[in-house]
Structure formats: C-alpha cells, structure tokens
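Residue-level listing of the chains:
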Amino acid sequence: MTGRLKPDSLGVLGILFFVLSAQAPLTGIAGAVPIAVAIGNGAGTPAAYLAAGLVVLLFSIGFVAMGRHVVDAGAFYMYIGKGLGRSTGSGSAGVALLAYCAVQAAMYGLYGATVSGLIQHYADVHVAWWVCTLVTMAVVQVLGAAGIEMGAKVLAVFVLAEFSILTVFALVTFFKGGGPEGLAFGDSFSPHAALQGAPGVALMFAVASMIGFEATAIYGEEAREPRKTVPRATYLAVAVITCFFAFTSWMLISAHSASRATAEAGKALASGDATSFVFAPIAAQFGGWTGDVLPVLLATSLFAGILAFHNSANRYLFSLGREGLLPHRLTALNRRHSPWAAGIVQTVIAVALVMPFALLGKDPVLTLFSWFSGVAVLGIMLLYFLTSVSVVVFFRRTRADTRTWNTLVAPVVGALGIAGGIWLIIENFTTLIGGDQATAVWLQLSVPAVLVLGLAAARLTRNRQRSEPSGSRQDQGADS
C-alpha cells in the first residue's frame, strides 16, 4: 500500500504531545539548565529561555503562514523548496534527516547509559548500554509501525508524568514564596541579570531546548483540519515550551538561592552528575522517594523523545520517496497507514550511527550524546533560517498572503535572531559538544557538507528524470 498517510488521525493535543515528547522536558531541564547556569549567565538563565522563546515565536509566525499553503510530511524541505527552489529544498531535506537522526542517536546514547544504570542499581546486574539501546530500537520500530494514534497515546503518558512532577515542584516553590532568598524575580529577569556572565552560552542552550516544536507541520497530513490544527498546535507548543522552561528554571534557581545558584550548578557538574542540581531541590521539597522516581522519568523522557524523532524522520523518508528523490519503496504503508518501510530504514540508520560508538568503547554520554546533539542543533537552526528566508521570498513572489507582519516583518526579524543563534552555536560549539576543537570543526562541517551533497543529488536526480522521457521517445521512434 502506498499513497498518503492516514488523515484525520491527530488533533491539537495529539500533535502537541508529539512536540513536547521531542522536547524531552525532563532531559532538557536536568541536562541543559545546570550547564547554562554554571557557565552561562547564572541566575539570569530564565531570561535566556524567554529570549529564545521570542525568537522561536517570530519564526513560527512565518512558518505557520507557509503551512496554510503547504501540507506535507516533508515540512521543512517543502517549505524551503517553495521559496528557494526545489534543489535547495531537497538539499535541506538531507540536513533535516541528518538532524533528526542525529538527535535520536544522541538520545539513544544517554538513554542506554541511564537504563543500564537503573538496571545496575535495582537488579545489581550489569547490562551494557548498547544492549539496552538495541532492545529499545526494536520497541520503537514496533510502536512506530503500530500507527500514529498508538504513538500519541504512549507519548501522552510519558510526557504527562515528567511534566507533572516538574510543574508541581515549580508551582509549590512559587506559592511558598521561593527559596531562602525569596523568588528573586529581578535576579533572573532584569536586563542586568540577563546580560551577566556569558549570556551567549545560556542562550545557546535555551535555543537547543526549543528544538522539536517544528514537528507540528510534519504531522499536518495526518491532522484533522490541518490548516487550523497545525497553527494552533504550533503556537500552543511554543507558548507551553517557553513558559515551562523559563518558569521551571526560575524556580530551580530560587530554590538554590540566586546568589548561590551558579556555585551549586558548578558543584553538580564537577561531581559528574549534573542532574543533582535539579533532583536535589525536588527531593528536598517532596521527599526522598523522588530519588527513585526521577531517574526512571528521565529514562521515559528520553524514550518519548526517541519515539517522536523516529516518527519525524520516517515521515521525511516517506515524503522524499513520494517526491522521487529516494527509492519509491519508502512510500510503502501498512494497514494502519504507517510508513513501515521508511521506519525500518530509519531504524537501520539509528543502528549505523550508534554501534560504532559501542564497538569503539566510547562513553555514550560524553561522545554519542554530546556530539550528535550539537550536530542536530546546528542543523535544525540552519533549517529555521532557510525557512524564514523562503517564507519572505515565497509570499513576495506569489502574494498568496498579503499580511505584512506575518509574511515579511516577523520572518525577517526571526531570521536575524536565528542567524544570531547560529553564530552563538558556532562560537561556543566546543562547549556545546563537550569535546575538543578538532572534533567540533569536523562535526560543524558535516551540516553544510550534507546540504551540498543534497543539492547535488537533487540536481542529478532531476536531470535523470528529465532525460528519461526523451530517451524513451527516441527508443519508440527507433522501434517504429
């Protein structure tokens, strides 16, 4: 079975759960906030999340405007192709696949290490991290093939669990009046706080935490009334993500005290367990039982993110197969209208990305997770920038939407903000990946290299497609 993905499968909340799963909220809070506080702008970190949210919101205005005219599982590359040409769009599809597969592989590294540690702690049995990862790949493949509705239900459970404990902690802390120094609003949100220390580093991690909201457009083909559902889901996702990260990080800093937060985050990093900066105040608020629950929720948070990115990547493969840029076999659907062939290919890619780290005995967190996370963030940010430019070009040429704010002002300002974010990421890439300068350079070069290869492959494919009809006509003429 080939054709279109199953329509009318997802509403606003279903899409929202896929987006929030891709965010992996607990992973973002426990993994990024301690680093942003320790080596970024300290107590001003929540302001960085608000700034990142504003940039993403400006981008999403043009993104949504384009989405009203293009509904396709290819999302980014279709949007970019509409404004900047099909070859550029196809090249960007390669970057999108790189980014989604890289972030999923990164999550597999951290997930494998986390689950291996849980098994060691509770069962006193050592299981290699890569064994946990391979077993999970099989589970993800089955869930991905089971249909988009099943995936949404599984993700809803996991997302609600991690969101609930973090949100309840933040609300309780807020209504108790904060920590030893109170709420200290000015210490986190004043201009002085926002610009202290290294605000660029904090903004970089804040932007990285926002990655994944664009998945709203990927599920447009499977949404109910996509021209209404996708915009609503997009704006809701941006608002929820921004408020969640800004508010939760503010309450964590308040719990530690604004004057001591940077030092406490530094201690957590030095101990080798950055999550203690987050888990310790939660345990102090609710009791020691959270020490058993939070690591499990971290594992389910990662699993939810892995499943979400699996679904995103296989829909890209499906869409590229339908466009003729990849083998047509990738458009095969099962009885649940799930792209099972593309899902298998995506899982094979995940194995190919993960197993070299296992065979070489590399640390899955310090290498696989850190390196591929950096590549994914840089790749997605490049796609954001190209999409913003494409939105402006498309609407200036077609006049399909004459709203100046939605199709010109917001996309241009958003593009400038994204360009600044890309510069910050490149400037601080070694910090982002936790590696050396040489590794950082090679990983950064992989993104433009894939873009160029995608452009070249698209042109070769289209040249071949244009030549085939004339060739067949010549054959027919010779036969006659």
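All of these numbers come straight from a predicted model, not from anything done at the bench.

## Here we look at helix α6 (residues 129–145)
Between its first and last C-alpha, α6 extends 25 Å over 17 residues, near the 24 Å set by a 1.5 Å rise per residue. Taken as a whole, α6 has its buried residues at Trp129, Cys132, Thr133, Thr136, Met137, Val140, Gln141, Leu143 and Gly144.

## As for the packing of helix α2 (residues 25–39) against helix α13 (residues 261–270)
Two elements in contact, α2 and α13, have axes whose closest approach is 8 Å; the angle formed by their N-to-C orientations is 120°. Between α2 and α13, the crossing angle belongs to the class labelled oblique. α13 is crossed by α2, and the crossing has left-handed handedness. Between α2, through Pro34, Ile35, Val37 and Ala38, and α13, the contact on the second element is made entirely by Ala261, Thr262, Ala265, Gly266 and Leu269. Tallied by class, the residues present in the contact of α2 with α13 amount to 7 nonpolar, 2 polar and no charged.

## Describing the environment of Leu416
Mapped onto the elements, Leu416 comes out in helix α18 (residues 404–427). The spacing of Leu416 and Ser388 is 28 residues in sequence and 9.4 Å in space, taken between C-alpha atoms.

## With respect to the pattern of salt bridges
This model, assessed by the stated rule, comprises 3 salt bridges. Between Lys267 and Glu264 there is a salt bridge, with the nearest N and O atoms lying 3.8 Å from each other. Separated by 3 residues within a single helix, Lys267 and Glu264 lie in helix α13, roughly one turn from each other. Here Arg403 ties to Asp401 by a salt bridge, and the two come within 2.6 Å at their closest N and O atoms. Given the relative accessible area of 36%, Arg403 is considered partly exposed. Given a relative accessible area of 10%, Asp401 falls into the buried group. Through salt bridges that share partners, Arg260, Glu264 and Lys267 make up one connected network.

## Comments concerning the side chain of Glu162
Locating Glu162 in the fold gives a position in helix α7 (residues 148–175). Among buried charged residues, Glu162 stands out as having no salt bridge; its nearest opposite-charge side chain is Arg315, 19 Å away. With sequence-adjacent residues up to four places away left out, Glu162 is seen in contact with Ala24, Pro25, Leu26, Leu297 and Ser301.

## Focus on the side chain of His310
Looking at where His310 falls in the secondary structure, it is placed in helix α15 (residues 290–323). When near neighbours in sequence (up to four residues on either side) are disregarded, His310 contacts Gln104, Val140, Gln141, Gly144, Gly343, Gln346 and Thr347.

## Let's talk about the packing of α2 against helix α14 (residues 276–286)
With their axes 8 Å apart at the nearest point, α2 and α14 run at an angle of 110° to one another. Taken together, α2 and α14 sit at an angle that is classed as roughly perpendicular. Contacts between α2 and α14 involve Leu26, Ile29, Ala30, Val33, Pro34 and Val37 on the former and, on the latter, Phe277, Val278 and Phe279. Looking at the contact of α2 with α14, its residues break down into 9 nonpolar, no polar and no charged.

## A short note on the environment of Val95
When you line up the elements, Val95 lands in helix α5 (residues 86–123). The class of Val95 is buried, set by a relative accessible area of 1%. Distance from Val95 to Leu451, taken between C-alpha atoms, is 5.8 Å for residues 356 residues apart in sequence. The contacts of Val95, once residues within four sequence positions are left out, are Gly379, Leu383, Val447, Val450 and Leu451.

## Focus: the packing of aromatic side chains
Inspection of every chain in the model, using the stated rule, returns 19 aromatic pairs. With 5.8 Å between their ring centres and 65° between their planes, Phe174 and Phe247 make a pair best called edge-to-face. Of this pair, Phe174 sits in helix α7 while Phe247 sits in helix α12 (residues 226–256), and the two are 73 residues apart along the sequence. Aromatic rings pair up to connect Phe174, Phe175, Phe185, Phe189, Phe247 and Trp250 into one cluster.

Parameters and conventions
Residues numbered from 1 in each chain as written. Predicted model: local features only at pLDDT ≥ 70, side-chain atom pairs only at ≥ 80, totals over all residues. Heavy atoms only, no water. Helix = DSSP H or I, 4+ residues; strand = E, 2+ residues; numbered from the N terminus. Expected span 1.5 Å × (residues − 1). Buried < 20%, exposed > 50% of the residue type's maximum accessible area, 1.4 Å probe, protein only. Axes fitted to C-alpha atoms, helices over the stretch in contact; angles between N-to-C directions. Parallel < 35°, antiparallel > 145°, perpendicular 65-115°, else oblique. Left-handed = near helix turned anticlockwise from the far one by under 90°. Contact = heavy atoms within 4.5 Å. Nonpolar A, V, L, I, M, F, W, Y, C, P; charged D, E, K, R; others polar. Salt bridge = Lys/Arg side-chain N within 4 Å of Asp/Glu carboxyl O. Lys, Arg positive; Asp, Glu negative; His and termini not counted. Phe/Tyr/Trp six-rings, centres within 6.5 Å; stacked < 30°, edge-to-face > 60°.

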